[in-house]
Amino acid sequence: LAALNCHAAAGSIRLVAWNLLNWPNTASMQADSSTRCPYYREVINALQPSILVTEENQDPVSTPWFLSQVLNVNSSCYRQGIYIQGPDSNNGIFYLDSLFTFVSNHPIKTTLRDINEFTMVYKPTQDTFRIYAVHLKASSGSANEIQRGKEVDSLRKVTDALPAGSNFIVCGDFNFYGDYESAYQKLLLDNPGDDGNFVDPFQMTGTWNNAVYSFYHTQSTRLNQFGGGSYGGLNDRFDLILYSNGVANSGGMYYVPGSCHPFGNDGGHYGISINTGTNTAVSQAVADALYYASDHLPVVSEFEFGTNPGIMETPFARDLTFFPNPVQEELCYVFNSISGGAFTWQLINSMGQKVAESDTPVAFVSGMNSGQISLPSSLSQGQYKVLLKSDKHLISKSISLIR
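Fair warning: this is a prediction, and the values are worked out from it, not measured in the lab.

Undergrad: Break down the overall build of the protein chain for me, with residues and values.
TA: In terms of helices and strands, the protein chain carries six helices and 21 strands. Over its C-alpha atoms the protein chain spans a radius of gyration of 21 Å, differing by no more than 12% from the 22 Å that the globule rule assigns to 403 residues. If you line up the protein chain on its principal axes, its C-alpha atoms span 70 × 40 × 40 Å. Here the protein chain holds 403 residues, and the buried ones make up 54% of them.

If you want it as structure tokens, here you go:
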């Protein structure tokens, strides 16, 4: 692990959430150290996380053991946040000491497992943000769906009370089977009286255990059962990273479009083991490590921070309007700006993927600005988001493309 980047460049961070699968085996920790730890290390070395949130930590020794045996074997890059033992398996957090200050761990009680509110500060800009680590009730069936809904209710009571525009993220193992689940809908519900809802970078309708969604599945890495994990091949989207409106609308911290993905999922392993045949997303060594380390794939998202520490400025593109909408080929824009500068644009499809972007920055002036964006003829009809990004802001608007 000597290649770990202890002093990652300021500006962009990589958040990883990973269900470690009953870590550690407290009856035989030395066995875990000699068997699973090398696989964990192989994955972490490939991932290079800025922040790692883990689920299924079994014991207070789990996080210091993972820190010493996996993250800091050949370095001292990482620190761990305060660990709080709950009534069931627990969540942990690790972070690059060069980039973050850990503030607190506040457990949100549910009838099964705690949801942990980790408060962090990004050192280069002094922006404060919160990460909510979850491991919701497992298994299908209406009773389990209802319990997941109650657990999300406990989370929303906390996020609904936060000031509007707050930067927060929820990540972990949600055990959702599709967008029809009430718990998932409650997370996304945008109430008029609060700003506590979350944004999913993907729009995936129906049941997610479907070959159509093969690029987004996180469980199970294994076709056959071993080591206590689930099996049956990669076919469920259980592990997610969602973020607040503040993050979506650039409140000093924002999501990098197209960055969210299950690490190691190349879309070609639906219903089979992650290391079967060729995996085009990772090397064979990493695919094997993902297979042997856990029954879940890590899920990854990247975030960026603005240049001004904690300052909310007026967006450069005030009263931004796109027309015509729906649009066929040429999308026109009009906005007013208090100053001049340059922006770039990106087009994001309903799956959260970047499908087009500007070749060069587009200059804008103080006052009224207008122009056109040529949409690629190869794009299919549907819903898209257009993102305009300046040096400090990210603004998005939805459009409908018709062909």
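Undergrad: Please provide a residue-by-residue account of the pairing of strand β15 (residues 330–337), values included.
TA: As paired elements, strand β14 (residues 318–323) and β15 share four bridges and run antiparallel to each other. Paired with Thr 321 across the bridge in β15 is Val 334. The turn joining β14 and β15, which pair antiparallel and follow one another in sequence, is formed by six residues. Relative to strand β19 (residues 367–374), β15 is paired through eight bridges, and the arrangement is antiparallel. Bridge pairing in β19 links Ser 337 to Gly 367.

Undergrad: Which residues make up the packing of helix α1 (residues 29–47) against helix α2 (residues 62–71), and what values do they have?
TA: Orientation of α1 relative to α2, taken along the N-to-C sense of each, is 60°, at an axis distance of 9 Å. Relative to α2, α1 is oriented oblique. α1 and α2 meet at a crossing whose hand is right-handed. Seen from α1, the contacting residues are Met 29, Gln 30, Ser 33, Cys 37, Tyr 40, Arg 41 and Ile 44; seen from α2, they are Trp 65, Phe 66, Gln 69, Val 70 and Leu 71. Each residue belonging to the contact of α1 with α2 can be placed in one class, and the counts come to eight nonpolar, three polar and one charged.

Undergrad: Requested: an account of the pattern of salt bridges, with residues and values cited.
TA: Counted under the stated rule, the structure contains 14 salt bridges. Between Lys 123 and Asp 97 there is a salt bridge; the shortest N-O distance is 3.9 Å. Of this pair, Lys 123 sits in the loop between β6 (115–122) and β7 (127–135) while Asp 97 sits in the loop between β4 (90–96) and β5 (100–108); the two residues are 26 residues apart in sequence, bridging distant segments of the chain. Relative accessible area serves as the criterion here: at 28%, Asp 97 is assigned to the partly exposed category. Bridged by salt links that share partners, the residues Arg 79, Asp 97 and Lys 123 form one connected network.

Undergrad: Could you give an account of the confidence of the model for the protein chain, naming the residues involved and the relevant values?
TA: Summing up the model confidence of the protein chain, the mean pLDDT is 91 and the portion of residues at 70 or higher is 94%. The model gives residues 307–312 a pLDDT under 50, and that stretch makes 10 contacts with residues more than four places away or in other chains.

Undergrad: Lay out the sheet that holds β5 with the relevant residues and their values.
TA: Strand order in this open sheet of six strands is β5-β6-β7-β8-β10-β9, and the pairing throughout is mixed. What marks the edges here is a single partner per strand, and that holds for β5 and β9 (198–199). Of the pairings in the sheet, the one linking strand β8 (residues 168–173) to strand β10 (residues 239–244) comprises five bridges and is antiparallel in character. Each bridged residue has a counterpart across the sheet, and for Ile 169 the counterpart in β10 is Tyr 243.

Undergrad: Which residues make up helix α3 (residues 142–159), and what are the values?
TA: The end-to-end C-alpha distance of α3, which contains 18 residues, comes to 25 Å, matching closely the 26 Å that a straight helix rising 1.5 Å per residue would cover. Check the buried side of α3 and you find it contacts β5, β6, β7, β8, α4 (182–188) and β9.

Undergrad: Got a sec to walk through the side chain of Asp 194? Specific residues and values, please.
TA: Here Asp 194 shows up in the loop between α4 and β9. Only 3.2 Å separates the side chain of Asp 194 from the side chain of Arg 156, close enough to count as a polar contact. Reaching out from Asp 194, the side chain makes a polar contact with the side chain of Asn 191 at a distance of 3.2 Å. In contact with Asp 194, other than residues within four places in its own chain, are Arg 156 and Asp 160.

Undergrad: Outline the packing of α1 against helix α6 (residues 284–293), listing residues and values.
TA: Viewed as axis vectors pointing N to C, α1 and α6 meet at an angle of 130°, and their least axial separation amounts to 8 Å. Accordingly, the angle class assigned to the pair α1 and α6 is oblique. For the pair α1 and α6, the sense of crossing is left-handed. Packed against α1, whose contacting residues are Arg 36, Tyr 39, Tyr 40, Glu 42, Val 43 and Ala 46, the element α6 presents Ala 285, Val 286, Asp 288, Ala 289, Leu 290, Tyr 292 and Ala 293 at the interface. Classifying every residue of the contact of α1 with α6 by side-chain character gives 10 nonpolar, no polar and three charged.

Undergrad: Give a detailed account of the environment of Gly 371, specifying residues and quantitative values.
TA: Structurally, Gly 371 is set in strand β19. Separated by 119 residues in sequence, Gly 371 and Gly 252 place their C-alpha atoms 27 Å apart.

Undergrad: I'd like a description of the sheet that holds β14, backed by residues and values.
TA: The antiparallel open sheet is built from three strands, whose spatial order is β14-β15-β19. Looking at the sheet topology across the chains shown, the edges are occupied by β14 and β19. Taken pair by pair, the neighbouring strands of this sheet meet at an average axis angle of 15°, ignoring direction.

Undergrad: Give a description of the packing of aromatic side chains that names residues and reports values.
TA: Scanning all chains against the criterion turns up 30 aromatic pairs. Arranged with centres 6.2 Å apart and planes meeting at 80°, the rings of Tyr 132 and Phe 168 form a pair that is edge-to-face. One end of the pair, Tyr 132, is in strand β7; the other, Phe 168, is in strand β8, with 36 residues separating them in the sequence. The same class applies to Tyr 132 and to Phe 168, which are both buried. A ring pair is formed by Phe 176 and Tyr 184, whose centres lie 5.8 Å apart and whose planes are at 80°; its orientation type is edge-to-face. The exposure class assigned to Tyr 184 is buried, which follows from its relative accessible area of 5%. The structure contains a cluster of three or more aromatic residues connected by ring pairs, namely Trp 18, Trp 23, Tyr 40, Phe 66 and Phe 94. Of note, Arg 222 hangs over the ring of Phe 226, and the distance from its end group to the ring centre comes to 3.9 Å. Residue placement shows Arg 237 over the ring face of Trp 208; its charged tip is 4.7 Å from the ring centre.

Thresholds applied
Each chain has its residues counted from 1, running along the sequence as written. Where local features are concerned, this predicted model is filtered to residues with pLDDT of at least 70; where side-chain atom pairs are given and counted, the filter is 80 or more; whole-chain, interface and lining totals use all residues. For the side-chain quantities, the full set of heavy atoms in the structure was used; hydrogens and water were omitted. Numbering of helices and strands runs from the N terminus; a helix is a DSSP stretch of H or I covering at least four residues, while a strand is a stretch of E covering at least two. In this setup the radius of gyration rests on C-alpha atoms only. A globule is expected at 2.2 Å times the number of residues raised to 0.38. Accessibility here uses a 1.4 Å probe with only protein chains present; expressed as a share of the type maximum, an area under 20% marks a residue as buried, one over 50% as exposed, and anything in between as partly exposed. For two strands to be treated as a pair, DSSP must find no fewer than two bridges joining them. Here an axis means a line fitted to C-alpha atoms, over the contact stretch when the element is a helix, while the angle between two N-to-C directions is reported on a 0 to 180 degree scale. Angles are sorted into four bins: roughly parallel if under 35 degrees, roughly antiparallel if over 145, roughly perpendicular if 65 to 115, and oblique for all others. Throughout, a crossing is termed right-handed when the near helix is turned clockwise from the far one, and left-handed when it is turned anticlockwise from it by less than a right angle. Residue contacts are counted whenever heavy atoms from the two residues lie within 4.5 Å of one another. Ten residue types, Ala, Val, Leu, Ile, Met, Phe, Trp, Tyr, Cys and Pro, are classed as nonpolar, four, Asp, Glu, Lys and Arg, as charged, and the remainder, Gly among them, as polar. Definition used for salt bridges: Asp or Glu carboxyl oxygen within 4 Å of a side-chain nitrogen of Lys or Arg. How sure the predictor is of each residue is captured by pLDDT, a score from 0 to 100. The span expected for a helix works out to 1.5 Å for each residue beyond the first. Pairing of N or O atoms within 3.5 Å defines a polar contact, subject to two protein rules: one partner must be a possible hydrogen donor and the other a possible acceptor, and residues neighboring in sequence count only if both atoms are side-chain atoms. Only centres within 6.5 Å qualify two rings of Phe, Tyr or Trp (six-membered ring in Trp) as a pair; their planes then separate them into stacked at under 30 degrees, edge-to-face at over 60, and tilted for everything else. Should the NZ of a Lys or the CZ of an Arg lie within 6 Å of a ring centre and within 35 degrees of the ring normal, that charge is described as sitting over the ring.

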